[in-house]
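As a plain string of letters, each chain reads:
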Amino acid sequence: MLQAINLTKRYIPGAIPALDNLNLTVSPGEIFCLLGQNGAGKTTTINLFLGFLKPTAGQALVSGLDVASHPLESKKSLAYLPETVMLYPNLTGLENLKFFASLAGFRHPPDALQDLLSQAGLQVDAHHRRVGQYSKGMRQKVGIAIALAKQAKALLLDEPTSGLDPKASNEFSDLLLRLSDRGTAILMATHDIFRAREVGTQIGIMRAGRLVETMSPQALTASELEAVYLQTMNSPH
Amino acid sequence: MLTLAFKDFIRSSGVRAGLFFLLTAGVVSLLIGKQFLDRQRQQAAEITVYQKEEIRRNVKFHPDEMGLLLYYMPFALVNETNSLSGLAIGQRDVNPSVQRVTIRALEAQKYDAGLTNPANLLLGNLDFSFVLIYLFPLLIIAFTYNLVAEERENGTWKIVAVQSRHPFRLVLQLVAIRVFVMLGVLVALLALAAFMLGIPVNAAFGAFGLTSVLYLLFWFAVCFWITSLHRSSSFNAMALVMIWMGLLIVWPAAVNNSIENRYPVPEAMNTMVKQRKAYHEKWDMDKQVTMDRFYAHYPQFKTYGLPDESFSWLWYYAMQQMGDDESAEQSAALREKLLQREVTSRHIAWLVPTLHTQLYLNELAQSGLGNQLRFLDAVNGFHEKKRLSFYPKIFGKAPVRATNWAAIRVETFADPVPTRYAELFMPLVFFGLLFGGLGWIGLKQNVYRL
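Computed from a predicted model, the values in this text were never measured in an experiment. (Residues numbered from 1 in each chain as written. Chains lettered and ligands numbered in written order. Predicted model: local features only at pLDDT ≥ 70, side-chain atom pairs only at ≥ 80, totals over all residues.)

For the rest of this paragraph, the subject is the overall build of chain B. If you tally the helices and strands in chain B, you get 18 helices and three strands. In terms of overall size, chain B is more extended than a compact globule, its C-alpha atoms giving a radius of gyration of 29 Å where 450 residues would be expected to give roughly 22 Å. Seen through its principal axes, chain B has C-alpha atoms that stretch 105 × 40 × 35 Å. Within chain B, buried positions represent 37% of all 450 residues. Here the analysis covers contacts within chain B between residues at least 6 apart in sequence; of these, 86% occur between residues at least 24 apart. (Helix = DSSP H or I, 4+ residues; strand = E, 2+ residues; numbered from the N terminus. Rg over C-alpha atoms; globule rule 2.2 N^0.38 Å. Buried ≥ 20, exposed ≤ 12 C-beta atoms within 10 Å, placed from the backbone. Contact = placed C-beta atoms within 7 Å.)

Shown next, in the form of structure tokens:
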């Protein structure tokens, strides 16, 4: 489970906060999609959960552990997929997966690793090709396989579908749904409101560091969600 | 995991090109070292034959006068060439390894040396010590400047930091892979050197190898420290190249310049002029003055008295002796200043590991200034021994044929191998631990930062 309690981050003391008093909970099996313009505080939220930033106030909890005071223990339950997955270009997809899985302390047999790559949607003939020859979508799939290999209880995604073609985006959505079915708590920062509506169990709209709107996507059509989003973005502070 | 990290490193075309270049440069340096040793060994072998033949001809052409014969006859002292000097040629290709001296005044003969290739004085030799001291660090910098920094810049480090339970240990393992590869190249080149140059595997070779290992570890420690500062890869590259230039070019040049200014050696010229003047002026002076001074130096020859003839070999060699005696002060000052240069360089080098390594590799290879000074001391002793051996025969007008000339052999000076290992290793260990420690602290502080 992921939980933000009054989570606040100021990069410069006294300045306007990049993240202001955020409160949210992502339970196992939920996909919480954070929407918002650039600079709204989505990536700051992700980085606070990852422990890359120290909060100015409040807490980011992963499986009940405060990330700031238990950085290593909290990471054991976490997996992360950035906007652009950069792997080791001289290793094959399979070798990258093996490397990152072993970093997390997992020793999967080769067959299991191949299976994970296939589950992530990477075609078999690419498993033994060097990642330097992969497209962005293929690297994203290896990134997902890395998250699968870690068997993480929570997954943080930062603009994961940015730059993916529609087919790859669709496959990616299916993957997320499968992960949430397994009980993974997923927090995804995205610009893609249609994808958010498709996979999200909750949608939060952020503006100027604040979570200004939280809603259930099932209650809205895609055009209604778009209207709410634009209205929220355009309304005065 | 280590295997995969190693694969990622070694599969990089840049890494393989760098290693190929280094190995090629290493092999070329060994070939140059082999050529040098072959030349030295050939000279040592030829001088034996050459001296024997020269003695035979001189005895044949000057069979009547011992004084005249010894005016022409040179005797050779060979500065034994340590096979390690094939790895660190130092000054051995500039200074003669064979000193041929007659029993006439010595000072002018000591520095009567030719240079095989003056261009080398400017460029230096591409010997193994050059490859070790200059090229290995460049490749270490190329292999480490982007460690973590580049992964941070392109985003890989975020995934690593989330996945890894021990990112600090991972960085140490990445450094260890690079250390392992570079030490592997070093060991391969040293093994090849032992085979190609016929270097005996003894304590000196062990010390040479260990110094090389410590030198590379020092550079890894410097690179580790810089990469731990959590700066960009371009900053790391710039900082490390500046350190390389500072430690290998600017500092040694500044130290050399400072030492040359602090210990100028006008005595080098003065000694020769004084020796020549002291000898030549005696032709116009009263013989008694010369002989009194000569007998004051060698009281054991007083019985030969004052020569009556207008020319006598006793008087001639006494005049020659005066050349050396009257320039002795300048000669001693010159030696003292050269020694001071060596000692001061050594002291300053304690603070400059690159300079220290070069000096001590030359010391182990017996190719440095210290060896040259000890060889010149040995030449003094050798020359004196010859004088004391032949003076009584000349002054007593012994028949030339009474001497067994065939028994005269080329003599060899063997410089004792230095065994001050603590002094040799200490600065490298100290600075290696210092920068390694700083890197350790920096990495501990910064490894979780993005």
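Looking only at helices and strands, one finds eight helices and ten strands in chain A. By the compact-globule yardstick of 18 Å for 237 residues, chain A fits well, its C-alpha radius of gyration being 18 Å. With the C-alpha coordinates of chain A rotated into their principal frame, the extents come out at 55 × 40 × 30 Å. Taking all 237 residues of chain A together, 47% fall into the buried category. Long-range pairs, those at least 24 residues apart, make up 69% of the contacts in chain A between residues at least 6 apart in sequence.

The packing of two helices is summarised by the inter-axis angle and the distance between the axes. All names here are of chain B. Following both chains from N to C, one finds helix α12 (residues 267-280) and helix α15 (residues 328-349) inclined at 160 degrees, their axes separated by 9 Å at the closest point. Classified by the angle between their axes, α12 and α15 sit roughly antiparallel to one another. The handedness of the crossing between α12 and α15 comes out as left-handed. Contacts between α12 and α15 involve E267, A268, N270, T271 and K274 on the former and, on the latter, Q330, S331, A333, L334 and K337. The residue makeup of the contact of α12 with α15, split by class, is three nonpolar, four polar and three charged. (Axes fitted to C-alpha atoms, helices over the stretch in contact; angles between N-to-C directions. Parallel < 35°, antiparallel > 145°, perpendicular 65-115°, else oblique. Left-handed = near helix turned anticlockwise from the far one by under 90°. Nonpolar A, V, L, I, M, F, W, Y, C, P; charged D, E, K, R; others polar.)

Time to look at helix α16 (residues 353-364) of chain B. One turn of the α-helix equals 3.6 residues, which is why residues spaced by three or four share an orientation. All names here are of chain B. Taking 1.5 Å per residue as the helical rise, α16 with its twelve residues ought to reach 16 Å, and the 16 Å between its terminal C-alpha atoms agrees with that figure. The element α16 is extensively covered by neighbouring structure, given that twelve of its twelve residues are classed as buried. Looking at α16, one finds that the buried residues are P353, T354, L355, H356, T357, Q358, L359, Y360, L361, N362, E363 and L364. Tucked inside the fold, the buried residues of α16 contact α6 (128-144), α10 (203-227), α11 (233-262), α15, α17 (369-395) and α18 (421-446). Within two residues after α16, Q366 carries a phi angle of roughly 55 degrees, on the positive side. (Expected span 1.5 Å × (residues − 1).)

All names here are of chain A. Assigned domains within chain A: domain 1 (2-77 + 153-234) and domain 2 (87-151). Taken together, the contacts link nine residues of domain 1 with seven residues of domain 2. A total of four residues in the side of domain 1 that touches domain 2 trace back to one element, the largest contributor, which is helix α6 (residues 166-181). In the side of domain 1 that touches domain 2, the residues fall into six nonpolar, one polar and two charged. (Domains from an automatic or database assignment.)

It is common to report an interface's size as the accessible area lost on association of the parts. Each partner contributes to the interface: chain B provides 19 residues, whereas chain A provides 26 residues. Those elements that place two or more of their residues in the side of chain B that touches chain A are α1 (2-10) and α8 (156-163) of chain B. Of the residues assigned to the side of chain B that touches chain A, the class counts are eight nonpolar, six polar and five charged.

Residues and elements named next belong to chain B. With respect to the element layout, V213 can be found in helix α10. We classify V213 as partly exposed; it has 17 C-beta atoms within 10 Å. Through-space distance from the C-alpha of V213 to that of K302 is 60 Å; in sequence the pair is 89 residues apart. What V213 contacts, discounting residues up to four positions off in sequence, is L183 and L186.

Moving on: the packing of helix α2 (residues 13-61) of chain B against helix α9 (residues 167-197) of chain B. All names here are of chain B. Between α2 and α9, the least distance of the axes is 10 Å, while the angle of their chain directions is 25 degrees. Looking at the two axes, α2 sits roughly parallel to α9. Seen along the crossing, α2 lies across α9 with a hand that is right-handed. Where α2 approaches α9, its residues L19, L22, L23, G26, L30, G33, K34 and L37 are matched on the opposing element by V185, L189, L192, A193, M196 and L197. A per-class count over the contact of α2 with α9 returns eleven nonpolar, two polar and one charged.

With that settled, the discussion passes to the environment of B:M322. All names here are of chain B. Relative to the helices and strands, M322 is located in helix α14 (residues 313-326). Separated by 297 residues in the primary sequence, M322 and A25 place their C-alpha atoms 52 Å from one another. Residues within four places of M322 in sequence aside, it is in contact with A278, Y279, K282, T290, R293 and F294.

The biggest cluster of nonpolar side chains holds 138 residues, and the ones touching the most others in it are A:L97, A:V142, A:A145 and A:I186. Looking at this core element by element, the count peaks at 15 residues for α10(B). Each of domain 1 (2-77 + 153-234) and domain 2 (87-151) of chain A gives at least three residues to this core. Leaving out residues up to four positions away in the same chain, A:V142 has contacts with A:V85, A:L87, A:G93, A:N96, A:L97, A:L117, A:A120, A:L122 and A:V131. (Core = buried A, V, L, I, M, F, W, Y, C linked by C-beta atoms within 7 Å.)

Right, let's talk about the sheet that holds strand β9 (residues 202-207) of chain A for a bit. Residue and element names in this part refer to chain A. Read across the open sheet, the six strands follow the order β6-β7-β8-β3-β9-β10; overall the sheet is mixed. Both edges of this open sheet fall to β6 (78-81) and β10 (210-215), since each of them pairs with a single strand only. Ignoring strand direction, the axes of neighbouring strands in this sheet form an average angle of 20 degrees. In the sheet, β9 pairs with β10 via five bridges, with the strands oriented antiparallel. Bridging from a neighbouring strand, R207 pairs with R210 of β10. (Pairing = 2+ DSSP bridges.)

For α6(A), with 16 residues, the first-to-last C-alpha span of 23 Å sits near the 22 Å given by 1.5 Å per residue. Remark: A:G183 follows α6(A) within two positions and exhibits a positive phi of approximately 100 degrees.

Residue and element names in this part refer to chain B. Tracing the sequence through the fold places L334 in helix α15. Its 22 C-beta neighbours within 10 Å are what place L334 among the buried residues. Residues L334 and P264 lie 70 residues apart in sequence; the distance between their C-alpha atoms is 9.2 Å. Excluding its chain neighbours within four sequence positions, the residues that come into contact with L334 are V265, E267, A268 and T271.

What follows concerns the sheet that holds strand β1 (residues 75-79) of chain B. All names here are of chain B. The three strands are arranged β2-β1-β3 in an open sheet whose pairing can be described as mixed. The open sheet has two edge strands with one neighbour each: β2 (98-101) and β3 (411-413). Strand-to-strand twist in this sheet, taken as the mean axis angle between neighbours without regard to direction, amounts to 25 degrees. Where β1 and β2 come together, four bridges link them in antiparallel fashion. Note on β2: the bridge partner recorded for F75 is V101. On top of the sheet, α17 reaches β1, β2 and β3; it is set at about 155 degrees to β1, its chief contact.

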